[in-house]
Amino acid sequence: MTQTTAAQAPSTEKDPWPALFALVVGFFMIMVDTTITAVATPAIIKDLNASVTSVVWVTSAYLLAYAVPVLITGRLGDRYGPKNLYIIGLTVFTAASLWCGLTTTVGALIVARVVQGLGASMITPQTMAIITRIFPAERRGKATALWGATAGVALVVGPLLGGILVDWQGWQWIFYVNIPVGVIALAMAVRLLPKLDNRSHHFDWLGVVLSGIAMFGIVFGIQEGHDYHWGKVTGFISVPLFIIGGLLFGAVFVLWQARGAAEPLVPLSLFRERNFSLSNVGIMAISFSFTAMGFPLMIWAQVVRGLSPTHAAMMMLPLAIMSIVLAPKVGQLTDRIHPSLIVGTGFAGVILGFVSLSLLMNPHRSLFILAIPMAIMGAGSAGVWAPLTATATRGLPMSLAGAGAGVYNAARQIGAVLGSAAIAVLMDSRLAAHGLDQDLSKLQQLKPTPAQLEAFHQHFSDSMAQSLLLPPAILVLGLAAVLFYRKLPTPTA
């Protein structure tokens, strides 16, 4: 076994682009699963007789299991080889996808999604670690921009693909589709990914436990708070206690990283690099927003407008097209224009799109009009995902590049899991405020008069439109952060 230092130069013996394409296939698959369940929410509620909150846990459980271990799985990749961890992660993810499709209860589906998330947590850190080590500095910006654009495109393609699959064969196929893709990704990984030298690491398992407890406490408290009326869950344990406990464990985690861990999961010295710190705020905000968006929008389209899952998902098409078309063009500008201008403009576009969409959503508005805010949102997102990723790690020394990639990935997933939790509780609270039962399985069984149906659609539409104002409120924080970027020199060989 050969040991190398963290500052080892990237390998340039072979063309690295085929390896990058192999990584993108697997990464795209796991990112699609972040949002693909949103469009299937009504179908899962009806088939498994579940509530909105429990079905949102199908996404939250995946995101939690994805986010918590991602810091340690990057170190495991360094120790046992990133190619090996990537292949193991793909295998676990693909097998868990089969399990998800075979489940018959929402509880079993949530457990299967946890295993799927663990597989995803092994995959993501290896993608950035391999990119960092096989691409020379002058080409790494384009490679990371492609990686970041893949994440953005996957999040908007997820609902569209999910709608087609739900209409075609049923919600189970949003998971079954991963099986052939996973097999192809495995074959490409075995053939195209290089075997890189291993690196010795101490493993901060206490840090993993502390961060896991902190995340679960906060997410459970936020997502389940409304169902328990923000009171007791059981005995003396209350919802506020979950949230406060999560925050306290988070504080202990930070203290442990600063003073106790021999090799911390989160080297706090990373945050001395201003652009890295600001990029983490930005990626949390955009990931929060795009993960949260799918639930109210897809439920509104199917419950209020009566669209099929496929037609509901088609609403995302302008967003996806604009993002895909503009992302490469914006990526070419990343090295030439101050990052604050590119990413700040992108954030502003996404905020404008969200606010416009919320104002235009009602039971009688032409769906073609809604294509305008969706297109604005897509154009804005093209200026966020790839440039944000490229800016995040560009100023870090090679010795901290791996740790930085892990923290950045964790920040993205934390944003996503908080987004799914927060939008669930906001949807529930807005439905309750308008006098509606939050259990859609009951709502779907009612046979109202035309007048009652009209009133129901209006109140339901108002609830979902108001819920969609949460993402732009969070995006304002991301916009404020990236305005303080400093310009970095263009990388050279």
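Calculation rules
Residues numbered from 1 in each chain as written. Predicted model: local features only at pLDDT ≥ 70, side-chain atom pairs only at ≥ 80, totals over all residues. Heavy atoms only, no water. pLDDT = per-residue confidence, 0-100. Helix = DSSP H or I, 4+ residues; strand = E, 2+ residues; numbered from the N terminus. Contact = heavy atoms within 4.5 Å. Core = buried A, V, L, I, M, F, W, Y, C linked by side-chain atoms within 4.5 Å. Buried < 20%, exposed > 50% of the residue type's maximum accessible area, 1.4 Å probe, protein only. Salt bridge = Lys/Arg side-chain N within 4 Å of Asp/Glu carboxyl O. Expected span 1.5 Å × (residues − 1). Polar contact = N/O pair within 3.5 Å; in protein donor to acceptor, adjacent residues only side chain to side chain. Domains from an automatic or database assignment. Buried area = accessible area lost by both parts, 1.4 Å probe.

## Quick word on the confidence of the model for the protein
For any part of a model where pLDDT is low, the fine detail of the predicted coordinates should not be relied upon. For the protein, per-residue confidence averages 86 on the pLDDT scale, and 91% of positions sit at 70 or higher. By mean pLDDT, helix H19 (residues 440-443) is the weakest element of the protein at 52, and helix H21 (residues 470-482) is the strongest at 97. Within the model, the stretch residues 1-12 combines pLDDT values under 50 with 30 contacts to residues more than four positions away or in other chains.

## So, the nonpolar core
Of all hydrophobic cores here, the largest spans 134 residues; its most connected members are Ile-286, Phe-290 and Leu-297. For this core, the element with the highest residue contribution is helix H12 (residues 274-303), accounting for 15 residues. For Phe-290, the contacting residues outside a window of four places in its chain are Thr-35, Leu-155, Val-156, Leu-319, Val-350, Met-377, Ser-381 and Trp-385.

## Examining the pattern of salt bridges
Across all of its chains, the model carries two salt bridges by this definition. Between Glu-273 and Arg-486 there is a salt bridge; the shortest N-O distance is 2.5 Å. Of the two residues, Glu-273 sits in the loop between helix H11 (239-260) and H12 while Arg-486 sits in the segment after H21, which places them 213 residues apart along the sequence. The class for Glu-273 is buried, based on a relative accessible area of 10%.

## What to know about unusual backbone geometry
Positioned with a positive phi, Asn-49 is a non-glycine residue whose angle comes to about 55°. Examined against the element boundaries, Asn-49 turns out to sit in the loop between helix H2 (41-48) and helix H3 (52-67).

## Some details on H12
Taking 1.5 Å per residue, 30 residues should reach 44 Å; H12 reaches 45 Å between its end C-alpha atoms and fits that length. For H12, a buried count of 27 out of 30 residues is recorded, marking the element as mostly surrounded by other parts of the structure. The opening residue of H12, the one whose side-chain oxygen lies 3.1 Å from the backbone nitrogen of Asn-275, is Glu-273.

## Topic: the domain arrangement of the protein
Often the size quoted for an interface is simply the accessible area lost on bringing the parts together. On domain assignment, one finds that the protein holds domain 1 (15-198), domain 2 (205-261) and domain 3 (267-439 + 447-492). For domain 2 and domain 3, the distance between their C-alpha centroids amounts to 25 Å. If you look at the interface, domain 2 gives ten residues, while domain 3 gives 13 residues. Roughly 880 Å² is buried in total at the junction of domain 2 and domain 3, and carbon and sulfur atoms are behind 78% of that figure. Taken together, the connections running from domain 2 to domain 3 amount to zero salt bridges.

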